[in-house]
Amino acid sequence: MTTKQIEVKLAKFHERLDALKSKLYEAECEENRKINNMGWGHAMRHVKCTISTTKSDRIKDRIEKCEAQINELKAFQSEVRTKQNKNKL
């Protein structure tokens, strides 16, 4: 893989990471809205008094995976650069 290809992949991962962070923000806003819409007596009338956070949890997992891929690609990029520098000498 060339350095240009690595840079393109890194840019795509950063775009994906930004999109995931905006989705996470929207999911957390939706969760807050649901919490705020619960009335005072809601817990007394219903057994389930908490909302589901699976959507934001899944997005957080995807963000962690994306960040791990970015770190792996950066490490690979540094290895490629050191090999190229050694070949130039």
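Structural data are supplied above this passage.
Here is a short report on the structure shown in this document. Chains are numbered independently. Their residues run from 1 in the order of the written sequence. Selection of residues for local features in this predicted model requires a pLDDT of at least 70, selection of side-chain atom pairs for listing and counting requires 80 or more, and totals for whole chains, interfaces and linings are taken over all residues. Side-chain metrics rest on all non-hydrogen atoms present in the structure, leaving aside hydrogens and water.

## Details of the overall build of the chain
Right, so step 1: A run of DSSP states H or I qualifies as a helix once it reaches four residues; a run of E qualifies as a strand once it reaches two. Both are numbered from the N-terminal end. Regarding its fold elements, the chain presents three helices and zero strands.
Right, so step 2: The N-to-C order of helical and strand elements in the chain reads α-α-α.
Right, so step 3: Counting only residues that meet the buried cut, the chain has 21% of its 89 residues in that class.
Right, so step 4: Throughout, a residue-residue contact means that at least one pair of heavy atoms, one from each residue, lies within 4.5 Å. Long-range contacts, defined here as pairs at least 24 residues apart, represent 79% of the contacts in the chain between residues at least 6 apart. In this scheme, a residue with accessible area under 20% of its type's maximum is buried, one over 50% is exposed, and one in between is partly exposed, where area comes from a 1.4 Å probe on protein chains only.

## Regarding the environment of Leu-17
Right, so step 1: With respect to the helices and strands, Leu-17 occurs in helix H1 (residues 3-37).
Right, so step 2: Residue Leu-17 is classed as buried on the basis of its relative accessible area of 8%.
Right, so step 3: Along the chain, Leu-17 and Arg-62 lie 45 residues apart, while their C-alpha atoms are 8.7 Å from each other.
Right, so step 4: The contacts of Leu-17, once residues within four sequence positions are left out, are Ile-63, Cys-66, Glu-67 and Ile-70.

## As for the side chain of Ser-56
Right, so step 1: By secondary structure assignment, the location of Ser-56 is in helix H3 (residues 54-88).
Right, so step 2: Look at Ser-56 and you get buried, because its relative accessible area is 2%.
Right, so step 3: Polar contacts involving the side chain of Ser-56 include one to the side chain of Glu-31, which spans 2.8 Å.
Right, so step 4: Polar contact is defined as a pair of N or O atoms within 3.5 Å, subject to the rule that within protein one atom must be able to donate a hydrogen and the other to accept it, and that residues adjacent in sequence are counted only when both atoms are side-chain atoms. Separated by 3.1 Å, the side chain of Ser-56 and the backbone oxygen of Thr-53 make a polar contact.
Right, so step 5: Residues within four places of Ser-56 in sequence aside, it is in contact with Leu-24, Ala-27, Glu-28 and Glu-31.

## Quick look at the side chain of Glu-31
Right, so step 1: Mapped onto the secondary structure, Glu-31 falls in helix H1.
Right, so step 2: Positive residues here are Lys and Arg, negative ones are Asp and Glu, while His and the chain termini are left out of the count. When a carboxyl oxygen of Asp or Glu lies within 4 Å of a side-chain nitrogen of Lys or Arg, that pair is called a salt bridge. Lacking a salt bridge, the buried Glu-31 has Lys-60 as its closest oppositely charged neighbour, with an N-O distance of 6.6 Å.
Right, so step 3: Among all residues touching Glu-31, those that are not within four sequence positions of it are Ile-51, Ser-52, Thr-53 and Ser-56.

## A word on the nonpolar core
In globular proteins that are soluble, nonpolar side chains generally tend to be buried together.
Right, so step 1: As used in this record, nonpolar core signifies buried Ala, Val, Leu, Ile, Met, Phe, Trp, Tyr and Cys residues forming a set joined through side-chain atoms within 4.5 Å. Ile-63, Cys-66 and Ile-70 are the most contacted members of the largest nonpolar core, which totals 13 residues.
Right, so step 2: Per-element tally for this core: the top contributor is H1, with seven residues.
Right, so step 3: With sequence-adjacent residues up to four places away left out, Ile-70 is seen in contact with Leu-10, Phe-13, His-14 and Leu-17.

By themselves, these observations are geometric and do not establish any function.
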